[in-house]
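# Commentary on secondary and tertiary structure
What follows is each chain in one-letter form.
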Amino acid sequence: MPTGGRRRRVQPQPSPPAPAGASSEGASPERNETSADLTARRLQTEAIERIHAEAAASRPKNTLKQYLPRQKEWRAWCDKMAYAETARYTVTEEKLAFFLDQCVVGRAKKKGGRKKKDATAEEGEDEEGANAGVVATVSWQTVDAYIAALVDLWEEQRRAGVNSNPHPRSGAVSKIMETLRRGVAKKKRVEYHDRGIGTYLDGYNSVQQMVDMSTHLLRKNTPEGVREMAMFLIGFGGVLRGHHLREGDFADFHSVVLENMGYSRCIGLVFVLDHGKTNQSGRLEMAGMIRAKNFLTCPLFALSMHLFYEFHCANNAYQPDGQSFPSFATSPEWYDLKMFSSPKDLEEPMKYETHRSAVAKMHKATGVISKKVTHLDRGAASRMADMGGASEDSIRRAGRWNKTALNDCYLTTLPRESMRSLAQFSSSGGDFFLPRDVKVPEELLSMVFPQADAWIERQKTGDRCEPNIAANGFLLLLVELRTVLLQDMVQLRRIHPTFFLFEHPLFSSPSFLAYEQHALRTIATSDDPADMRLRQAMPVLAETMKTGFDSLMQATREQASRSEVGEQLITALATMLTDVLTGVAPVRLNAEWPRSATGQLPTFPLPSTSSAPSQPIASTSSSGSGSTQVPAATGPLATILALTGGGATPSTAATSTFAMSRSITTVADLWREYDVGVGGRASVRSQYEVKGHTWTDEAERKHFQRRMIIVRKVKQLASQHTVREVEVAARLDEFCRTSSPKVSLSKLQDLLKKDAVVLHF
């Protein structure tokens, strides 16, 4: 285990600000104190200058790094053109248009190394690149950046009273931008730009690719690998920009319990964002994420490992006396601590170059191809949420692209729909279930982040501690992460038993080893989540259904063996019950048992679901007609017989009464109904596509013809691409599910009529 550690830097306390309105040069008061106008004008001028100076000082450093080099290039060009000395650098519309035409538009892109580029220009890292054999020219975005820099210089000159010209972004300058925007598509073709940029192929778009990247980082078997895994998964789960991760403090993280998410207890990780490229005014925004179905893609597990290393293994000095756990007594003692700090200083954010290099290596090692690097997770998360069925509104909220009073002032800004989708659960909710969520003993929990309990108690009582909402939130997050860490480390040991964190004494303690064995046994024997939810919500109904089904199947097997019907009846009945329980189709069962020598149906006992003794089912035969009458029966078979017409024979089921199911909502189920039938019924193909069929129901005829549009398309595509019809049906269902808004079968029919559906095989 590592023995070195980092310490917090000691910063001098800032001096108090100068009083408002005080002169920075310490100028003496005006001698003519009797002139109120002169005094007011002087104070007004000083105030305006101070306001502009403060505004300039508060500008984001990225803005300054974008503007200053371009303004310097403007001045050099003006010197070269030898303009009049008195107005050489004055920005006008005509001069700006001339400068852009001569020096910027059509200029080849610079090919300087990454180290020479602006290290903070993260959002520009995804600028489209051209084919290596073609000279690529600057994009319209670059030209627009020059205009913005020189408009800023114009505003500065205007405030100084040396430029009275109108706004330069007009006339010829606006025409230049208009022309460049119109020629974007042609420019890309001429310069052979990569046409995969911005599509689903750009970067990663599957859970398996995420698993591959996480596995690569874990195989590094280093603290840096754990940190990079946490940054990757939190960036994906929160749809974050790279600088959010690098600049995030401990105080920005807390947890929340999300109700009604499913069977398992759902903990949400919340990352508070009050600054950034699109948030210069300190607007409160939040990113949220939950535990993922696959522990290798779970942001909470990755964060728990990172913090476990930081607080238990790294020997970091978070307090002056060298303690390896922060002090939460006052805000200044912990507010500046970075979640992902630099190697030398706990309060210094990780450098962009370090972050970018690690992500680029991960992408290269796992075959992820994209022009983006640290910004890739934001786009990948948006696309995968869309593919997972999340609505556009939910994705906008997840990426904080909504700027409304409702989002800013009232909503929690936690888009549950997108959060569920990115964690590999259904976007509609209700299925959050983690088999690995096995209760951890309190004794074992207290061994992880043990100082958190004492600080929580001090926060409650105020014992030598300043009550702080953020402190309490972070400490409660640590308490929740205890469970996540211990549960998921059990899973990690199965695939990576030599991982460096297992060297910590905690994971070889009798308490953890006992829990590990218990958890593995519990997971191996855990019930299906659907059964568990049913038992939890309606335990009596669940037990009754199970007992009734078992009784019916036992009776059916006994009768089938006596009457030589065989296992075919059992298989058909099981299929029918499955379709009924899933709501795919209603069931109509027509059964005829072999008669005895006396012409009566045999009598057999039916297991009862109650404490009453089992009642035999007797059968009689109507004389001369040959039809069968099934008398009253008890138990689940009586219910089935009542629903199916009291034991009508197949001969009584005329095809004219056949009706297609109205509860089918997917192409896969529609094709199954057409091809083989559902719910134990005959297929649509055998009922309606027969020679001489006569329609007795106009509504049924229209419904059949509409659905046949989809069926014919399935057949056509299967023939064209030499694939099975079920595969075509699955592709069409994926198209319906990932479209925004989602496409119903009725809407799909209309799109197919217009040939508006394109599938790739």
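Every value quoted in this text rests on a predicted model; they were computed, and no experiment measured them. (Residues numbered from 1 in each chain as written. Predicted model: local features only at pLDDT ≥ 70, side-chain atom pairs only at ≥ 80, totals over all residues. Heavy atoms only, no water.)

## What about the side chain of Arg400?
Examined against the element boundaries, Arg400 turns out to sit in the loop between helix H13 (392–398) and helix H14 (405–409). No salt bridge is formed by the buried Arg400, whose closest oppositely charged neighbour, Glu285, lies at an N-O distance of 4.3 Å. Residues within four places of Arg400 in sequence aside, it is in contact with Gly238, Val239, Leu240, Leu273, Glu285, Met286, Ala287 and Arg378. (Helix = DSSP H or I, 4+ residues; strand = E, 2+ residues; numbered from the N terminus. Buried < 20%, exposed > 50% of the residue type's maximum accessible area, 1.4 Å probe, protein only. Lys, Arg positive; Asp, Glu negative; His and termini not counted. Salt bridge = Lys/Arg side-chain N within 4 Å of Asp/Glu carboxyl O. Contact = heavy atoms within 4.5 Å.)

## Topic: the pairing of strand S2 (residues 266–273)
Burial of S2 is extensive: eight of the eight residues sit out of reach of the surface. Burial along S2 is two-sided: Cys266, Gly268, Val270 and Val272 and Ile267, Leu269, Phe271 and Leu273, pointing in opposite directions, are all buried. Across six bridges, the pairing between strand S1 (residues 253–258) and S2 is antiparallel. The residue bridging Leu258 from the neighbouring strand is Cys266, located in S2. Bridging between S2 and strand S3 (residues 285–290) involves six bridges; their strand directions are antiparallel. Bridge pairing in S3 places Leu269 opposite Met289. (Pairing = 2+ DSSP bridges.)

## Points about the confidence of the model for the protein
Chain-level pLDDT for the protein is 78 on average; 71% of the residues reach the 70-or-more range. Per-residue pLDDT, averaged within each element of the protein, yields its smallest value for strand S6 (residues 620–621) (38) and its largest for helix H10 (residues 299–313) (96). (pLDDT = per-residue confidence, 0-100.)

## Re the sheet that holds S3
Spatial ordering of the open sheet is given by S1-S2-S3, a layout of three strands whose pairing is antiparallel. Bordering the open sheet on either side are S1 and S3, each of which pairs with just one other strand. Averaged over all pairs of adjacent strands, the angle between their axes in this sheet comes to 30°, without regard to strand direction. Sheet contacts for helix H18 (residues 469–495): S1 and S2; angle to S1, the most-contacted strand, approximately 60°. (Axes fitted to C-alpha atoms, helices over the stretch in contact; angles between N-to-C directions.)

## Focus on the packing of helix H2 (residues 61–81) against helix H4 (residues 140–159)
Where H2 contacts H4, the two axes come as close as 9 Å, and the packing angle between them is 80°. Accordingly, the angle class assigned to the pair H2 and H4 is roughly perpendicular. Packed against H2, whose contacting residues are Tyr67, Arg70, Gln71, Glu73, Trp74 and Arg75, the element H4 presents Thr142, Ala145, Tyr146, Ala148, Ala149, Leu150, Asp152 and Leu153 at the interface. Classifying every residue of the contact of H2 with H4 gives eight nonpolar, two polar and four charged. (Parallel < 35°, antiparallel > 145°, perpendicular 65-115°, else oblique. Nonpolar A, V, L, I, M, F, W, Y, C, P; charged D, E, K, R; others polar.)

## Some points on H2
End to end, H2 covers 31 Å across 21 residues, agreeing with the expected 30 Å (1.5 Å per residue, within 8%). For H2, the set of buried residues is Tyr67, Arg70, Gln71, Trp74, Trp77 and Cys78. In an axial view of H2, the angular spread of the buried residues amounts to 115°, which keeps them on one side of the axis. Exposed and facing more than 90 degrees away from the buried side of H2 are Lys61, Leu68, Lys72 and Lys80. For H2, the secondary structure elements touched by its buried residues are helix H3 (93–104) and H4. Phi turns positive one or two residues past the end of H2, at Ala82, with a value near 55°. (Expected span 1.5 Å × (residues − 1). Arc of directions from axis to C-beta.)

## Examining the packing of helix H24 (residues 667–675) against helix H27 (residues 725–738)
A pair of packed helices can be characterised by two numbers: the angle between their axes and the separation between those axes. For the pair H24 and H27, interaxial distance at closest approach is 8 Å and the crossing angle is 150°. Looking at the two axes, H24 sits roughly antiparallel to H27. Of the residues in H27, those touching H24 at Val667, Ala668 and Trp671 are Glu725, Val726, Ala729, Leu732 and Asp733. For the contact of H24 with H27, the residue count by class is six nonpolar, no polar and two charged.

## Some details on unusual backbone geometry
The phi dihedral of Asn315 falls on the positive side, at around 60°, and the residue is not glycine. Take Asn315: it is sitting in the loop between H10 and helix H11 (352–366). Even without glycine at this site, Arg400 takes up a positive phi of about 60°.

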